[in-house]
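Now for the letters of each chain:
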Amino acid sequence: MEYAIIENGKMRNEVCPMHKSDTTIEYVEPGSVADEAGLVKGDKLLKINGHEIHDILEYRYLVSEYEITLEVEKKDGTIEVITAESNYEDPGIEFREGLIDEAQSCTNKCIFCFIDQLPKGMRETVYFKDDDTRLSFLQGNYVTLTNMSDEELDRLISMHVSPINVSVHTTNPELRCKMLHNRFAGKCFDIMKKFRDSGIYMNCQIVLCPNINDKEELDRTLYDLASLYPNVNSVSVVPVGLTRYREGLYPLTPFDRNSSLETIRRVEEIQNEFYEKFGTRLVYLSDEFYVNAGLPVPSPDVYEGFPQIENGVGLMASMQEEFDEAIKLVPKRKYSRRVMMATGEIAYDFINALAKRTELAADGLKTDVYAIKNDFFGGGVTVSGLVTGGDIIKQLKDKPKADILTIPQCMLRDGEDVFLDDTTISDVERELGMKVVTVMNDGYDFVEKLIGSELEF
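What you see is a predicted model, and the numbers here were worked out from it, not measured in a lab.

**Q** So what exactly am I meant to see when it comes to the overall build of the chain here?
**A** Counting secondary structure elements, the chain contains 14 helices and 14 strands. In the chain, which comprises 457 residues, the share counted as buried stands at 54%. Long-range pairs, those at least 24 residues apart, make up 72% of the contacts in the chain between residues at least 6 apart in sequence. Of the accessible surface of the chain, which amounts to about 20600 Å², a share of 47% is contributed by carbon and sulfur atoms.

Written as structure tokens, this is what we have:
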């Protein structure tokens, strides 16, 4: 299972200055409009259609015209004004700074912030908290809306940036100020109303903390968000994640079986009410609630297309649905293959059940599934996405060797072969003497990696 690290921001309010933009061109795509206009690496784009460029969203908005006029500072310092037909397509420019402006960092002190619970000594970039609406639109990150000036808010609305992913947590202004430890945090719902009035769509996230924003406070938040439907597309509810590195932080308790059951009961009642009123359940619980409660996850249809799957909502149901189809395609032949599998504690029963079903379909396949205890983060961290390479090595080094070791793709940093503790896949392979194979949260990929061959459809 994947775990979403919650990242939050700080209201810079009306006095917030705009960051200095860097529109230096790093790359020009050959044959593109920019290439034909003579732009090269090192040139600086000053204006588009007479407008200065503050960030990547504004750049994309300004170039979405049939004809564009570019004011460019060449590498030799001369200024050129170039008019070109772009046919509403990107001119083919990549900037030295991907966002043009620097990423907006978070200085909230949220009582549940996972990054504040990280151990010391990790790579510096791991500790960076972004709260950037541009990353919300471009990469799906969740933002608190407390890191925006009125000018920035107006620009977003004027460009009709949609959808925006919002970390809501609660719509109670006083409680939200307390949870984010930010006196401006109570403005969130008012900003969301402005988005609604401007036709902007939102996906919302609630990090639920026992006896803080759950129970009646959760009810209030869900009904408030539903009042913005359909501009609020979906709402996910995920349990707070707690590590053992919480000294000096706000005292929080994890969800147990009883509190998980209570949350499921409350949310299912509201889901049924929303479904009758809107034709959608609108709100979805993360898989962890059902596992903690000892209940099976809902059927795939309950998740209505899995709009919040990147938040750990419906991962199991989606994978189960795909697996049930994939297992029918396993070739009927004799296999001679042993696979070791590492997973987080919370997903162990689920993954082990799929592995045993694959053994039955693939005669001769042997699997050994291991739940890796998270000693690195400690606390109640049981999700697969936070398992580290060091813990895998330590806990599997004395186990019988297999042909391969599979790990969920979510254990690695995005786009890298590196775990959160900076251990690499190569480190694990060297220490365990086995090839490591990553598995996506996909039932077909799961079966194919276990049997060692692609399925034929």
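**Q** It is not clear to me how the packing of helix H11 (residues 348–361) against helix H14 (residues 443–451) should be interpreted in this structure. Could you clarify?
**A** Any two packed helices are characterised by how steeply their axes cross, that is the angle between the axes, and by the distance between the axes. With their axes 11 Å apart at the nearest point, H11 and H14 run at an angle of 55 degrees to one another. The angle between H11 and H14 falls in the class oblique. Considering the relative orientation of H11 and H14, their crossing is right-handed. Judged by residue contacts, Ile351, Leu354, Ala355 and Thr358 of H11 engage Phe446, Leu450 and Ile451 from H14. Residue classes in the contact of H11 with H14 are distributed as six nonpolar, one polar and no charged.

**Q** Where do I start with the sheet that holds strand E8 (residues 202–208) in this structure?
**A** Whether parallel or antiparallel, the strands of a sheet pair through hydrogen bonds between backbone atoms. The strand order E7-E8-E9-E10 describes an open sheet built from four strands, whose pairing is parallel. The outermost strands of the open sheet, each flanked by one partner alone, are strand E7 (164–167) and strand E10 (283–285). Taken over all neighbouring pairs, the strand axes of this sheet differ in orientation by 20 degrees on average, direction set aside. Of the pairings in the sheet, the one linking E7 to E8 comprises four bridges and is parallel in character. Following the sheet pairing, Val166 is matched in E8 by Cys204. Docked against the sheet, helix H6 (residues 188–197) engages E7, E8 and strand E9 (232–239), running at close to 160 degrees with respect to E8.

**Q** Even after reading the chapter, I still don't get the environment of Thr253, so can you show me in this structure?
**A** Summarising the element assignment, Thr253 is placed in the loop between E9 and helix H8 (257–278). We classify Thr253 as partly exposed; its relative accessible area is 42%. Sequence separation of Thr253 and Val240 is 13 residues, and the distance between their C-alpha atoms is 8.6 Å.

**Q** Sorry, what's going on with the environment of Ile68 here?
**A** Along the chain, Ile68 falls in strand E4 (residues 67–73). Looking at Ile68, the relative accessible area reads 0%, which means it is buried. Through-space distance from the C-alpha of Ile68 to that of Ser86 is 6.7 Å; in sequence the pair is 18 residues apart. Apart from residues no more than four positions distant in its own chain, Ile68 is found in contact with Asn49, Leu62, Val63, Ile82, Thr83, Ala84, Ser86 and Pro91.

**Q** So what exactly am I meant to see when it comes to the nonpolar core here?
**A** If you look at soluble globular proteins, the nonpolar side chains tend to sit buried side by side. Core analysis: the biggest nonpolar cluster contains 51 residues, and Phe112, Met179, Leu252, Val330, Met341, Phe446 and Val447 have the highest contact counts within it. Among the elements of the structure, helix H5 (173–180), helix H10 (315–326), strand E11 (337–344), H11, strand E12 (365–372), strand E14 (435–439) and H14 are those that each provide at least two residues to this core. Counting residues per element, this core draws most heavily on H11, which supplies five residues. In contact with Val330, other than residues within four places in its own chain, are Tyr335, Ala361, Ala362, Val447, Ile451 and Leu455. In this structure, Met159, Ile164, Cys204 and Ala317 belong to the second largest nonpolar core, which totals 46 residues.

**Q** When you look at the sheet that holds E12 in this model, what are you seeing that I'm missing?
**A** Reading across from one edge, E12-E11-E13-E14 is the order of the four strands in this open sheet, with parallel pairing throughout. Two strands in the sheet have a free side with no partner beyond their single neighbour: E12 and E14. Averaged over all pairs of adjacent strands, the angle between their axes in this sheet comes to 25 degrees, without regard to strand direction. Pairing of E11 with strand E13 (residues 404–408) involves three bridges; the strand directions are parallel. Directly across from Met340, in E13, lies its bridge partner Leu405. Where H11 meets the sheet, its contacts fall on E11 and E12, and the angle it forms with E12 comes to roughly 175 degrees. Of the strands in this sheet, E11, E12 and E13 touch helix H12 (residues 389–396), which is tilted by about 120 degrees from E12.

Calculation rules
Residues numbered from 1 in each chain as written. Predicted model: local features only at pLDDT ≥ 70, side-chain atom pairs only at ≥ 80, totals over all residues. Heavy atoms only, no water. Helix = DSSP H or I, 4+ residues; strand = E, 2+ residues; numbered from the N terminus. Buried < 20%, exposed > 50% of the residue type's maximum accessible area, 1.4 Å probe, protein only. Contact = heavy atoms within 4.5 Å. Areas by Shrake-Rupley, 256 points an atom, 1.4 Å probe, with all protein chains shown as cover. Axes fitted to C-alpha atoms, helices over the stretch in contact; angles between N-to-C directions. Parallel < 35°, antiparallel > 145°, perpendicular 65-115°, else oblique. Left-handed = near helix turned anticlockwise from the far one by under 90°. Nonpolar A, V, L, I, M, F, W, Y, C, P; charged D, E, K, R; others polar. Pairing = 2+ DSSP bridges. Core = buried A, V, L, I, M, F, W, Y, C linked by side-chain atoms within 4.5 Å.

Any functional reading would require information beyond the geometric quantities listed.
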